[in-house]
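Chain by chain, the residues run as shown.
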Amino acid sequence: MTNEERFEVQREIAATPAEIFAVLRDPRGHVAIDSSGMLQSADGQPVGAVGDEFVVHMDRESLNDLPMGKYDVTVIITRYAEDAELEWTISGTIQPPIKHLYGYRLESSDVGTLVTSYYDWSQIEERYRGRVNFPIIPEAGLRATLGILARTVEKHL
């Protein structure tokens, strides 16, 4: 699915929804599968409910689009369904928060799990429209992250 302010990408991954969700709910899992290079490390416990938070240490030099350097963001969980859905927004250097959303939906499949990754910037604060280039992460970045997720959780013989 793609529209002007949201896109989704999908990939079949040969692992169970529970195995994949374990990576997605863990702050260190976010860092491990990031394809942008911006996520450097994370602090916090695996999330378990809407409203849970963790901190990610970022480095914007990986994108080389804004002179932000190193900074921290707080990931705030906005949707949570065990082994099925995880969505979040961030709060960080830019205030008020931009209100863009990232997320995953997991569905059992014949292969293991159909993973849908999405990025939605339809709810961003009006003050940021035209000042920040969206999407920050391109569709290809989400696809690459799904590839790293597959490599991380699939059991190869």
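Residues numbered from 1 in each chain as written. Predicted model: local features only at pLDDT ≥ 70, side-chain atom pairs only at ≥ 80, totals over all residues. Heavy atoms only, no water.

**A word on helix α3 (residues 139-153)**
Selection rule: Helix and strand assignments come from DSSP, with helices taken as H or I runs of at least 4 residues and strands as E runs of at least 2, each series counted from the N terminus. Each residue after the first adds 1.5 Å to the expected span of a helix. Pairs of residues are marked as contacts when any of their non-hydrogen atoms sit within 4.5 Å.
Relative to the 21 Å expected for 15 residues at 1.5 Å per residue, α3 spans 22 Å between its end C-alpha atoms, a close match to the ideal helical length. Contacts made by the buried residues of α3 are with β2 (6-13), α1 (17-24), α2 (27-33), β7 (101-108) and β8 (113-120).

**Some words on unusual backbone geometry**
To keep it simple, the criterion reads: The classification of residues rests on relative accessible area computed with a 1.4 Å probe and restricted to protein chains. Under 20% of the type maximum is buried, over 50% is exposed, and intermediate values are partly exposed.
Although it is not a glycine, Asp83 sits at a positive phi angle of roughly 60°. One can find Asp83 in the loop between β5 (70-81) and β6 (85-91). What makes Asp83 partly exposed here is its relative accessible area of 26%.

**Details of the nonpolar core**
Basically, it comes down to this: In this description, a nonpolar core means a group of buried Ala, Val, Leu, Ile, Met, Phe, Trp, Tyr and Cys residues linked to one another through side-chain atoms lying within 4.5 Å.
Grouped together as the largest cluster of nonpolar side chains are 43 residues, with contacts concentrated most on Ile20 and Leu149. When residues of this core are assigned to their parent elements, the largest contribution, 6 residues, is made by α3. When residues no more than four places from it in sequence are discounted, the contact partners of Ile20 are Ile13, Ala15, Leu106, Thr113, Val115, Leu149 and Val153.

By themselves, these are just geometric observations and shouldn't be taken as functional.
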